[in-house]
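# Structural characterization, general
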Amino acid sequence: MLGGEYRHGLDAKNRIFIPAKLREELGETFVVSKDIREHCLKIYSLSEWEHYIAPLKEQKRKLSEKIMRFLHASLVQVTPDSQGRIVLPAELCAYAEIEKNAVVVGCGDYAEIWAETAYDRLKGEVDLEEMIDELEELGL
């Protein structure tokens, strides 16, 4: 299970360190893609990526193709270097507004990469009471 919050800088070559705990779960090669709902990046193991997109393949072709195009146009399969770094293409950095400092967050089956300022803003907006109310409405 992917977990934890890790703050790292992006170097001049757009390389970011992926913590060893996450790399162990993600495998030797994994996928980095744009997130559909937020301006961040998602990291999936190859098997979790296939699991994630499987329901999309079952949708009507027009919707499926639109989403698959969005997700795959800038998707990269990465293999960390000997120091645990991966290269993020400029397009992905621009989408997530990552210029220098980033936060890698484990989210169970996947991880996210956020621009540090956007992540800190998001954390500040979390309303725990509202979240609890929503969970209770679901019976959880």
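This report concerns the structure included in the present document. Remember, predicted model here, so these are calculated numbers, not experimental data. (Residues numbered from 1 in each chain as written. Predicted model: local features only at pLDDT ≥ 70, side-chain atom pairs only at ≥ 80, totals over all residues. Heavy atoms only, no water.)

Using the criterion set out here, one finds 6 aromatic pairs in the structure. Both rings, one in Y44 and one in Y52, keep their centres 4.9 Å apart while their planes meet at 25°; by these two values the pair is stacked. A relative accessible area of 3% means that Y44 is categorised as buried. Under the relative-accessibility criterion, Y52 is labelled partly exposed at 24%. Aromatic side chains Y44 and Y110 sit 5.7 Å apart centroid to centroid with 35° between the ring planes, which places their arrangement in the tilted category. Of this pair, Y44 sits in strand β4 (residues 41–45) while Y110 sits in the loop between β7 (101–106) and β8 (111–115); the two residues are 66 residues apart in sequence, bridging distant segments of the chain. The exposure class assigned to Y110 is partly exposed, which follows from its relative accessible area of 23%. (Phe/Tyr/Trp six-rings, centres within 6.5 Å; stacked < 30°, edge-to-face > 60°. Buried < 20%, exposed > 50% of the residue type's maximum accessible area, 1.4 Å probe, protein only. Helix = DSSP H or I, 4+ residues; strand = E, 2+ residues; numbered from the N terminus.)

So, on to the sheet that holds strand β1 (residues 5–9). What links the strands of a sheet is backbone hydrogen bonding, and the strands pair in either a parallel or an antiparallel sense. Read across the sheet, 6 strands follow the order β1-β7-β8-β4-β3-β5 without closing on themselves; strand pairing throughout is antiparallel. On the outer flanks of this sheet lie β1 and β5 (76–78), each paired with one strand and no other. For this sheet, the mean inter-axis angle between neighbouring strands, taken without regard to orientation, is 25°. Bridge count between β7 and β8: 5 bridges; the pairing is antiparallel. Pairing of G106 across the sheet is with A111, part of β8. Helix α5 (residues 116–125) contacts β1, β7 and β8 of the sheet and is inclined by roughly 105° relative to β8. (Pairing = 2+ DSSP bridges. Axes fitted to C-alpha atoms, helices over the stretch in contact; angles between N-to-C directions. Contact = heavy atoms within 4.5 Å.)

Looking at the element boundaries, L128 is found in helix α6 (residues 128–137). Sequence-wise, L128 and I53 are 75 residues apart; in three dimensions their C-alpha atoms are separated by 30 Å.

Another aspect to go through is the nonpolar core. Ranked by size, the top nonpolar core spans 31 residues in total, and within it I16, I18, V32, L41, I43, L88 and I113 carry the most contacts. Where this core is concerned, the elements lending two or more residues are α1 (20–26), β3 (30–34), β4, β5, α4 (90–96), β7, β8 and α5. In this structure V32 touches L41, K42, I43, S74, L75, V76, V78, I86, L88 and L92, once residues within four positions along its chain are discounted. The next biggest cluster of nonpolar side chains, apart from the first, holds 9 residues, and it includes W49, I53, I67 and L75. (Core = buried A, V, L, I, M, F, W, Y, C linked by side-chain atoms within 4.5 Å.)

What follows covers helix α3 (residues 61–73). The first and last C-alpha atoms of α3 sit 17 Å apart over 13 residues, in line with the 18 Å expected at 1.5 Å per residue. Among the residues making up α3, those that are buried are S64, I67, M68 and L71. Buried residues of α3, viewed axially, fall in a sector of 100°; they line one side. Exposed residues pointing more than 90 degrees away from the buried face of α3 are listed as K62, K66, R69 and A73. Elements that come into contact with the buried residues of α3 comprise β3 and α2 (46–57). (Expected span 1.5 Å × (residues − 1). Arc of directions from axis to C-beta.)

Note that all results are geometric; they support no functional claim without further evidence.
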